[in-house]
Each structure stands twice: as structure tokens, then as C-alpha cells.
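Secondary and tertiary structure notes
As a plain string of letters, each chain reads:
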Amino acid sequence: MDINKIIEECKKINDEYHYFNTIDEGLNSKSSNCYESSIRKTPKKQGDGKLNNIAISVKDCICVKGLESRAGSKILEKYKPVFDATVIEKVKQQGAIIIGKTAQDAFGFGSFSTNVGKDMKIPLNPFDKERACGGSSGGSAGITQKASFRHITLSESTGGSIVCPASFCGVIGLCPTYGRVSRYGLMDYANSLDKIGPMARSMDDIALIMEIISGYDEKESTTLNEEVPKYSDFLKKDIKGMKIGIIKEAFGKGIDKEVKEKVEQGIKKLEQLGAKTEFISLPLTQKYGVETYYLLAMCEASTNLAKYCGMRYGAAEKLEGSFNEYFSKVRSDYFNDESKRRIIIGTFARMAGYRDAYYIKAAKVRTKIIEEYKKAFAKFDLLLSPTMPFVAPKFKDIEKLTPLQNYMADILTVGPNLAGLPHISIPAGFNKDKMPIGLMLIADHLKEEKLIQAGSKL
Amino acid sequence: MKIDKELIEHIASLARLKLTEKEIEKFLPQLKEILNAFSKLDEVNTDNTQPSFHPVELKNMMREDRIKPSLTQEQALSNSKENKDNYFKGPMAI
């Protein structure tokens, strides 16, 4: 499809659904930095790139050279990175075209993409505009569902921000093992939890882009120096004898009946293809996962947000008053409520006298949660549950939730994120209101190929 | 642990945030609810458990220190509104 038409279509969708914070409108003129760097790095022989002319949208928190990248926040308005994130460099080298930056909860702080930066627009669900896209990568999932052209998105997950919106918008979303994909050029939310991963409508595209973005990066010391499998080889591979553990707690209290039914149909399908299923219990993860996740994520986030202070880049005001007065003014004026809440709690939980009781305690419970999963993977190839306990909620219902009730929505996704395990959300059908339902598969560290192998059969 | 207005204001000031009366009124019950939920972790026995600061085991990655091309001064300053003589300009330090 012609790039002009793609950009036109994105603009049209955006007017109605708000999936982009920035669309690269200058893509066809050589004045665009993005296009310049994109053509410069395209393989010399036209048509050689594995992503040649494929449109790729990018979550706002991933730096794209010359394209406004603000992590969905007000405080980073007008920030134009002077470099590309490693994942961007890699897809550009394969001939991909970056079309724009997608809407998200500011800094990734949310499960519904309703915590957008001050004065920014909330993305609307592609199936029902009164409902949320999910978060925090809401815009990524929305445009992936709506685009009529071939499209892959690069998004990011800290506690479920890839699979949650993928589930609510009816697309595939894969969150890789922690360290599988370089985070260089990602605006950190919580460094020990952040992962960059793709969403797409076809598993072929997921496998294709995972082969390109995975691997060791000299610029990022937490990337894993492990060989990258040819993921596309697993698309056609059968699943006879594959052992799948059904997470017992994820089908109990608080899970929507229709979600349960559709996911159970998915399980039947896998069984018919030869997979062996059995129930497994993850009691610790189920009971303490949300609290452990939010405590650690807020502690790390509060340190990461310290650098946004109205100097060097992003929002600035007239330089008045002392250091502290100036920084406090800019930060108070530009951060949204959820950012302030997380900064305050994260700062508190790291304070002298409270650090052991909160931060260190949560880090210890994290160890126990990782052990719980590792024990399960000694027996199973994959674990299975619904992605979210319910379909995309309506905005008017989200408004009634307290922040804590909001966090509880992540009960099924925080576990694999805390343990750094790769996981995928796959469309599993629709409910009576024609809203999509997602099925989640979790694999052991660096076993992404098993997600692709089983996921492609659903 | 008593979570009150004074404590919230103190923590906010450590994080360089100045909250309005309205914000404090809104945040206080929310923060209490969240911190109360976090206290649930006390139930878990973690004697003899080491904390995990990463989900996978990471070794210290070292490499040779080499000089490579980096950003130009112009690029580094290109996003700042206030700069002078190739420096960032900030608020008064004293």
C-alpha cells in the first residue's frame, strides 16, 4: 500500500479513536528526520529488508530519532530524540517504515490508557467507543486492530501493558523474556520489569519481528547473550504431547463467565491437537502478585521520574527561584495524578526506616513468586489462563474505581511480568456484546518459540 | 504507621512535588488504601529468602573502554530551551 494512503488512513482513524500522539506526516518529504534515517539504513539493494515497506507504529515511550517521543506525558512535550532506540534501528535496517507514536498511559502508569498526560486524548476501543482499549499500550492495540494495511506495532510491558490491550482490542500481543529484547532507547518505567515486544494481527508477523528485534545489545547491559531461534520455524510445528498447565485460580472468583467459556473452548482446541492439559495452582502469585508488583514498580518508577525537572529537555518554565522551587513547580504543574501517586508511594517505600518493610520485603516475595513459576515449568511447557478477567470495561465504570481497584485488574498479568517470563495474548472469540476475549500463554525464560508454536494453533 | 497530611507533604517535598490542598484531600485516602494493601505482604514468610532485583540472573557485563563517535554538542543541546555557551542553563543554585 502507498505510504501516502497509509498516513491518510491513520489520520482519519486518529480523528475518531485517538490512537496516535504523533503521526509522521512528513514521511514523504525528505525533511523528515525519521524518513532520512530510515532510508539511510535501508539495505542497499531495495527489497532485501525483511520488513521492507511494512508500516510500524511505536509506543510513545520508545525513542524514534526526530519524532516527538513523550511517553504519553505532558512533561516531555516536544521532546525529539536525537537517536534511535536499538529496536528502531533494527527495524529500520530491515526497511520498515515508522508511521508514528502511539497513545499510552503517561509513562505506562495504567491498565486502561485513561491516565494519559494532561490535555491529551484517551484512545477509544475499536469495537465500542464507550470502552477502553486497555493499557498501558492502548493506542498500539487500537491501531493494530483498525489498520486495513499490513502493520506491526512495537509496544512495551512492565506489568501487563502488552497483553492487556491486545486482549481488549482482539489482536495478538507478545511480551518477551526480560532481557531478550534491548531496552536501549526506552524511557524507563521500572527497569527490572520493562520489556519491549510486538503486537500484530497475524502470528507470522509476530514471529518475523521477534527474529529481528531479539538479541544481545552492547548498549544495554541487561540484554541476554543467548542465541535467537528462528521463531517462524515454529509456526507450523505440531503440539502433540505438549504439556500445558491450566492455572486453577484464574478460572475462579472474579472471572467473567463468558471469558471463562471462550478460554475453555481454546483449551479444548489445544487438547484436540494433542496437547496434554492439567490444572496447576499458583497460590502465592495469585494472592500476593498485585501488591508485590505495584510496590516494586512504584519504587523503581519514583527514581526514574526524578530526572524530569524542566531542564535539558521537555517542558520548561521561566527560570525563576532556587533549584528546588523551580523543579517542584515544573513537576507539580506537568505530572498527572497517577504519576504523582506513584512517585509519592515509591519514595515512601524506599525511605530510611521503611525500606526493609516495603521495598526489600516485596523483592523477597518476588523471589518466592519466581520459584513458584520455575517449579511449574519443571513439569509444564506452557501455562494457560485468560489474559484479563473481563472484557474491555466502559469508561463510566472505570471512573468509579479507586486506584487500588484499578490495580487489581492486573491480577492475571503481573505474575509473568514479575518473573520476567515470556507471555502472549491470543484472541479467543467474542462475548455477547461483541467484545473480544484474550487467552494468555506463559512460557519459561527464553522459550518464546513455544508461545508461537501453540499460539499459532488457536 | 500513621499516614496523614504532614507525612504526605513531607514525602512529596522529598520528591520535589508541591501538592495543593485539593490534591492532598484526594490522595490521602487513596494512598492509605494502597499502603494498607501492601502490608498484606507481611503474611509471607521470607526468612532465608534473598531479594530479587531482577527476574533473571544477570552477570556484571564488562567491555573494553573505547572511544567512539558520540552526540555533537549541538545535538545534545537541541531539546533544551535554556542554554548558553554550549551549556545547559538551570535555575539558581544558591
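Residues numbered from 1 in each chain as written. Chains lettered and ligands numbered in written order. Predicted model: local features only at pLDDT ≥ 70, side-chain atom pairs only at ≥ 80, totals over all residues.

The helix and strand tally for chain A stands at 15 helices and 13 strands. Taken over C-alpha atoms, the radius of gyration comes to 21 Å for chain A, in line with the 23 Å a tight globule of 458 residues would show. When burial is assessed residue by residue, chain A has 62% of its 458 residues classed as buried. Summarising the internal contacts of chain A: among those between residues at least 6 apart in sequence, 77% fall at separations of at least 24. (Helix = DSSP H or I, 4+ residues; strand = E, 2+ residues; numbered from the N terminus. Rg over C-alpha atoms; globule rule 2.2 N^0.38 Å. Buried ≥ 20, exposed ≤ 12 C-beta atoms within 10 Å, placed from the backbone. Contact = placed C-beta atoms within 7 Å.)

All names here are of chain A. Within the secondary structure, Gly160 sits in the loop between strand S6 (151-157) and helix H5 (163-169). Between the C-alpha atoms of Gly160 and Asp194, which are 34 residues apart in sequence, the distance is 9.9 Å. Those residues in contact with Gly160, other than ones at most four positions away along the chain, are Asp410, Thr413, Val414 and Asn417.

Further remarks concern the interface of chain A and chain B. Facing the 53 residues of chain A at the interface are 44 residues of chain B. Where the side of chain A that touches chain B is concerned, the elements lending two or more residues are helix H8 (283-304), helix H9 (323-334), helix H10 (337-350), helix H11 (356-377) and helix H13 (403-408) of chain A. Counting residues per element, the side of chain A that touches chain B draws most heavily on H11(A), at 11 residues. Its residues placed into classes, the side of chain A that touches chain B shows 26 nonpolar, 16 polar and 11 charged. (Nonpolar A, V, L, I, M, F, W, Y, C, P; charged D, E, K, R; others polar.)

Take the sheet that holds strand S8 (residues 195-200) of chain A next. Residues and elements named next belong to chain A. Pairing is mixed in the open sheet, where 11 strands are placed in the order S1-S3-S2-S6-S8-S7-S12-S13-S11-S9-S10. Bordering the open sheet on either side are strand S1 (20-23) and strand S10 (276-280), each of which pairs with just one other strand. Between one strand axis and the next, the sheet turns by 25° as a mean value, whatever way the strands run. The pairing of strand S2 (residues 55-59) with S6 spans four bridges and is parallel. Among the inter-strand pairings, Val58 is bridged to a residue of S6, identified as Leu154. Helix-sheet contacts for helix H6 (residues 203-213) involve S6, strand S7 (172-175) and S8, and the interaxial angle to S8 is about 150°. Its contacts with the sheet place helix H15 (residues 448-455) against S7, strand S11 (382-386), strand S12 (423-430) and strand S13 (436-443), and it is angled at close to 140° to S13. (Pairing = 2+ DSSP bridges. Axes fitted to C-alpha atoms, helices over the stretch in contact; angles between N-to-C directions.)

Turning to the confidence of the model for chain A, a few remarks are in order. Scored by pLDDT, chain A has a mean of 94; 96% of the residues are at 70 or more. This model gives residues 29-44 of chain A a pLDDT under 50, and the stretch forms 32 contacts once residues within four places in sequence are excluded. (pLDDT = per-residue confidence, 0-100.)

So, about helix H3 (residues 86-93) of chain A. Residues and elements named next belong to chain A. Most of H3 sits inside the fold, with six of its eight residues counted as buried. Listed as buried for H3 are Thr86, Val87, Ile88, Lys90, Val91 and Lys92. Looking at the residues trailing H3, positive phi occurs at Gly95, about 90°.

A separate point is the nonpolar core. Within soluble globular proteins, side chains that are nonpolar tend to cluster in buried spots. All names here are of chain A. One finds Ile56, Ile62, Ile172, Leu295 and Leu382 to be the most contacted residues of the largest nonpolar core, which totals 156 residues. The dominant element in this core, judged by the number of residues it contributes, is H8, at 10 residues. Filtering out sequence-adjacent residues up to four positions away, Ile62 remains in contact with Ala85, Val87, Ile88, Leu154, Glu156, Gly185, Leu186 and Ile196. (Core = buried A, V, L, I, M, F, W, Y, C linked by C-beta atoms within 7 Å.)

A separate point is the pairing of S2(A). Residues and elements named next belong to chain A. Most of S2 sits inside the fold, with five of its five residues counted as buried. Residues of S2 alternate between two faces, with Ala55, Ser57 and Lys59 on one and Ile56 and Val58 on the opposite face, all of them buried. Bridge analysis of S2 against strand S3 (residues 97-102) gives five bridges, and the strand direction is parallel. Looking at S3, one finds that Ile56 is bridged to Ile98. Read as a crossover between parallel neighbours, the route from S2 over H3 to S3 is right-handed. (Right-handed = clockwise from strand over helix to strand, strands pointing away.)

Residue and element names in this part refer to chain A. Within the secondary structure layout, Leu51 lies in the loop between helix H2 (33-41) and S2. Leu51 gets classed as buried once you count the C-beta atoms within 10 Å, which come to 22. Residues contacting Leu51, with those up to four places away along its chain left out, are Val91, Gln94, Gly95, Ala96 and Ile212.

Strand residues, when the strand is regular, have side chains that alternate between the two faces of the sheet. Residue and element names in this part refer to chain A. Counting buried residues in S13 gives eight out of eight residues, a clear majority hidden from the surface. Side chains Pro436, Gly438, Met440 and Ile442 project from S13 onto one buried face, and the interleaved Ile437, Leu439, Leu441 and Ala443 project onto a second face that is buried too. Note: S11 against S13, five bridges, orientation antiparallel. Residue pairing for S13: Ser385 is matched across the bridge by Met440. Pairing between S12 and S13: six bridges, direction antiparallel. Within S13, the position partnered with Ile426 by the bridge is Leu439. Between S12 and the antiparallel strand that follows it, S13, lie five residues; Lys434 among them carries a positive phi value of about 65°.

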